[in-house]
Amino acid sequence: MMKINDVSKLTGLPISTLRFYERKNLIPDVFVKRDDNNYRIYSEEIVEYLNDVKALLSVEFSIEELSLLVNQQLHLSYEEKKKVVEQKIKEIEGTQTQLRKSKKFLKAILEGKANFQTKC
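Residues numbered from 1 in each chain as written. Predicted model: local features only at pLDDT ≥ 70, side-chain atom pairs only at ≥ 80, totals over all residues. Heavy atoms only, no water.

Here we come to the packing of helix α1 (residues 4-11) against helix α3 (residues 46-58). Across the interface, α1 lies against α3 with an axial gap of 10 Å and an inter-helix angle of 50°. Between α1 and α3, the angle falls in the class oblique. Judged by the sense of rotation from one axis to the other, the crossing of α1 with α3 is right-handed. Across the interface between the two elements, V7, L10 and T11 of α1 pack against I46, V47, L50 and K54 of α3. The residue inventory of the contact of α1 with α3, partitioned by class, reads 5 nonpolar, 1 polar and 1 charged. (Axes fitted to C-alpha atoms, helices over the stretch in contact; angles between N-to-C directions. Helix = DSSP H or I, 4+ residues; strand = E, 2+ residues; numbered from the N terminus. Parallel < 35°, antiparallel > 145°, perpendicular 65-115°, else oblique. Left-handed = near helix turned anticlockwise from the far one by under 90°. Contact = heavy atoms within 4.5 Å. Nonpolar A, V, L, I, M, F, W, Y, C, P; charged D, E, K, R; others polar.)

Okay, the pattern of salt bridges next. The final tally for this structure, using the stated rule, is 4 salt bridges. Between E65 and K88 there is a salt bridge, with the nearest N and O atoms lying 3.2 Å from each other. Of this pair, E65 sits in helix α4 (residues 63-70) while K88 sits in helix α5 (residues 78-110), and the two are 23 residues apart along the sequence. Residue classification places K88 among the buried positions, given a relative accessible area of 4%. Each of E65, K88 and E91 takes part in one network of salt bridges that share partners. (Salt bridge = Lys/Arg side-chain N within 4 Å of Asp/Glu carboxyl O. Buried < 20%, exposed > 50% of the residue type's maximum accessible area, 1.4 Å probe, protein only.)

What follows is about a negative patch on the surface. Together, E44, E45, E48 and D52 give the surface a local cluster of negative charge. On the accessibility criterion, E44 (57% relative accessible area) is exposed. (Patch = residues over 30% accessible without salt bridge, like charges linked within 9 Å, V, L, I, M, F, W, Y side chains within 5 Å. Areas by Shrake-Rupley, 256 points an atom, 1.4 Å probe, with all protein chains shown as cover. Lys, Arg positive; Asp, Glu negative; His and termini not counted. Charge placed at Lys NZ, Arg CZ, Asp CG, Glu CD.)

With that out of the way, let us pick up the environment of R19. As for its position among the elements, R19 is in helix α2 (residues 15-23). Given a relative accessible area of 36%, R19 falls into the partly exposed group. Residues R19 and I4, spaced 15 residues apart in sequence, show a C-alpha to C-alpha distance of 9.0 Å. Apart from residues no more than four positions distant in its own chain, R19 is found in contact with I4 and R40.

Rendered as structure tokens:
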């Protein structure tokens, strides 16, 4: 069991972020308990979980989208959660397509094949 300082150090997340995640119901009750003094006590599994949260945030999941996936109080079905994830996959694929087009255009500029104002 760990205190919030330990979790902060192991995940690289500020204590304020951990508290924010709790307020937004991003940290399921299974990972956090309260001791006799009402201090938060975290299970060791929270580190891996929070690394997963950071990974999802890095692919543009919003706090609200993550909350839909993990908030136990919302009682969303598997199908509803699946739709959220599928939508994010579509968004990522759209971004990848746009990035490929941008990369192709930039290469054309470097090769002097693009109809562009400035020569590189």
